[in-house]
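Take a look at the letters that make up each chain.
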Amino acid sequence: QRLTLEQAVNFAVEHNKELQASQMNIELRNKMVTEAISQGLPQINGDLNYSTNFRYKMSFPGSESSTVLKDQSSVGVTVNQLLFSGEWILGIQTSKIAKLIASQQVDVTELDIKETVYNSYYTILVSERLMEIVKQNLENMSQIQRHTENMLAAGTAEPTDVDQIRITVGQLKNSLLAMQRTVDVNYNLLRLQLGLQAGTPITLADQLDNFLEVGNFLKLAGQEFDINQNAQYKLMETQEELQKKMVGLKKWAYSPTISANYGYTYKILKPSLDFSPKHSATITMSIPIFSGLQRKAQLDQEKITLEQTTLNKSLLADQLNLQEEQYKFALKNALEDYNLQSENIQVARKVLENYQYKYNAGAVSSLDLTQANNNYLTAENNYTSACLTLLQAQTQLEKLYNELK
């Protein structure tokens, strides 16, 4: 898999197992909507009956005559139809809102997955960049070590110079191995987020410099926040709407329910005297009168829950606005640090090159050279950390704006 960041995000959205499990909730809610609607559709049931009295003889009072009760058998069909129920109508609306909530929860989960993919992708890029810097530095210091050993053999260098360079080379080798392990761990994390099996080869197609356009950071830092586009806030608004429907649902519990019933029975085996009709129909109005204050208690509970939901929505709005200020502050700080570290790394590189030239000419000691090399590596590490911090600050602000494409 050779993936750009955009391809990696799209692949994760399609194959991430956590997101797939979340998407199943939408289909689950679809079935619940169908279930709610079906309660108001005709309910048809059939029955087949057979009864026997074991040829019981029934005598009539005041008469010597008697009759044998015959076996009876019948088939029938019953149709029940709900004609009016406020709870049923509002129940359908509620189930549809619950389906919308499931869809919005998928959007929130998708944003979380995108953010983790963004950060993993960036982390691998900066880690590989730093690893390449250390690798080049190791090759350079190894050449200096060989040069110093030749100087020692010629009698123009001290044994301590060789030891000093050798220790630096050993430290660089250890650092390179540790970085390689870190990169491998980050690749495994990215595979997990993409829904790939462990060990699947992945290559990142984008370069780190592609994402370090200063103009994009400045544009984002000056952008206005539309809270109505935030995924969490939209979810909370829908939850409030759902709770309003729940209050209405409990109010409709006080209303009557009207239903109709029709039955047809065909007698296969008839008794001697059969007075039961083949057709029957009834209309029933069920009027709730008193439920021991149960309905009122349930309505009050839903009203309290609605007030809580409204307060939570207001609290979330305050939190999101505060987050926006904090994220912008973090982005601006990260951008300033990035600019500073960009300058610092250029200075450290020039100083190291100057010390290497002087060391080859015998003007500085190996201790001075290794110190300059350490300063350069520290500058590279600080620059890499600044890059990652800046990109993560951008990602969290774009997630807040619901703009992680």
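Above: the structure in question.
Fair warning: this is a prediction, and the values are worked out from it, not measured in the lab.

Engineer: If you had to explain the sheet that holds strand β2 (residues 43-51) to someone new, which residues and values would you point to?
Structural biologist: Spatial strand order, β2-β5-β7-β8: four strands in an open sheet with antiparallel pairing. Either end of the sheet is taken by a strand with one partner, and the two such strands are β2 and β8 (279-286). Recorded for the sheet is a direction-independent mean angle of 20° between the axes of neighbouring strands. Of the pairings in the sheet, the one linking β2 to strand β5 (residues 72-84) comprises nine bridges and is antiparallel in character. In the strand pairing of β5, I44 is matched with V79.

Engineer: A description of helix α5 (residues 214-221) should follow, citing residues and the corresponding values.
Structural biologist: The complete set of buried residues in α5 reads F217, L220 and A221. The arc that holds every buried residue of α5, seen down its axis, measures 100°, which confines them to one face. Exposed and facing more than 90 degrees away from the buried side of α5 are L218 and K219.

Engineer: Which residues make up the packing of helix α1 (residues 5-15) against helix α3 (residues 86-153), and what are the values?
Structural biologist: Relative to each other, α1 and α3 sit at 140°, their axes nearing to 10 Å. Judged by the sense of rotation from one axis to the other, the crossing of α1 with α3 is right-handed. Residue-level inspection shows L5, A8, V9, A12 and V13 of α1 in contact with α3, the latter providing E110, I113, K114, V117, Y118, Y121 and Y122. Looking at the contact of α1 with α3 residue by residue, the class counts come to ten nonpolar, no polar and two charged.

Engineer: I'd like a rundown of the side chain of Q145, residues and numbers included.
Structural biologist: One can find Q145 in helix α3. Classification of Q145 by relative accessible area gives buried; the value is 14%.

Engineer: Tell me about the pattern of salt bridges, residues and numbers included.
Structural biologist: In a structure, side chains of opposite charge can pair up when their charged atoms sit close to one another. Going through the model one piece at a time under the given rule, you end up with ten salt bridges. K399 is the partner of D112 in a salt bridge, and the nearest nitrogen-oxygen pair spans 2.6 Å. One end of the pair, D112, is in helix α3; the other, K399, is in helix α8 (residues 366-400), and 287 residues separate them in sequence. D112 gets classed as partly exposed once you look at its relative accessible area, which sits at 33%. Residue classification places K399 among the partly exposed residues on the basis of a relative accessible area of 22%. Its salt-bridge partner being E240, residue K313 comes within 2.8 Å of it at the nearest N-O pair. Placement of K313 in helix α7 (residues 294-360) and of E240 in helix α6 (residues 231-251) is noted, with a sequence separation of 73 residues between them. Each member of the salt-bridge network shares a partner with another, and the members are D112, E115 and K399.

Analysis parameters
Starting afresh in each chain, residues are numbered from 1 along the sequence in its written order. For a predicted model such as this one, the threshold for reporting local features is a pLDDT of at least 70, and the threshold for listing and counting side-chain atom pairs is 80 or more; totals across whole chains, interfaces and linings nevertheless cover every residue. Each side-chain value is worked out from all heavy atoms of the structure, with water and hydrogens disregarded. Here, any two strands with at least 2 DSSP bridges between them count as paired. The helix count covers DSSP runs of H or I at least four residues long, the strand count covers runs of E at least two residues long, and both are numbered beginning at the N terminus. Axis lines are fitted through C-alpha atoms, for helices just across the contact stretch, and the angle between N-to-C directions can take any value from 0 to 180 degrees. Categorising residues by exposure relies on relative accessible area from a 1.4 Å probe, with only protein chains included: less than 20% of the type maximum marks a residue as buried, more than 50% marks it as exposed, and the intermediate range marks it as partly exposed. Starting at the helix axis, one direction is taken to each C-beta atom, and the arc is that of these directions. By definition, turning the near helix anticlockwise from the far helix through less than a right angle yields a left-handed crossing, and turning it clockwise yields a right-handed one. Whether two residues are in contact is decided by their heavy atoms: any pair within 4.5 Å suffices. Put simply, Ala, Val, Leu, Ile, Met, Phe, Trp, Tyr, Cys and Pro go in the nonpolar bin, Asp, Glu, Lys and Arg in the charged bin, and everything else, Gly too, in the polar bin. Salt bridges, as used here, are contacts in which a Lys or Arg side-chain nitrogen is within 4 Å of a carboxyl oxygen on Asp or Glu.

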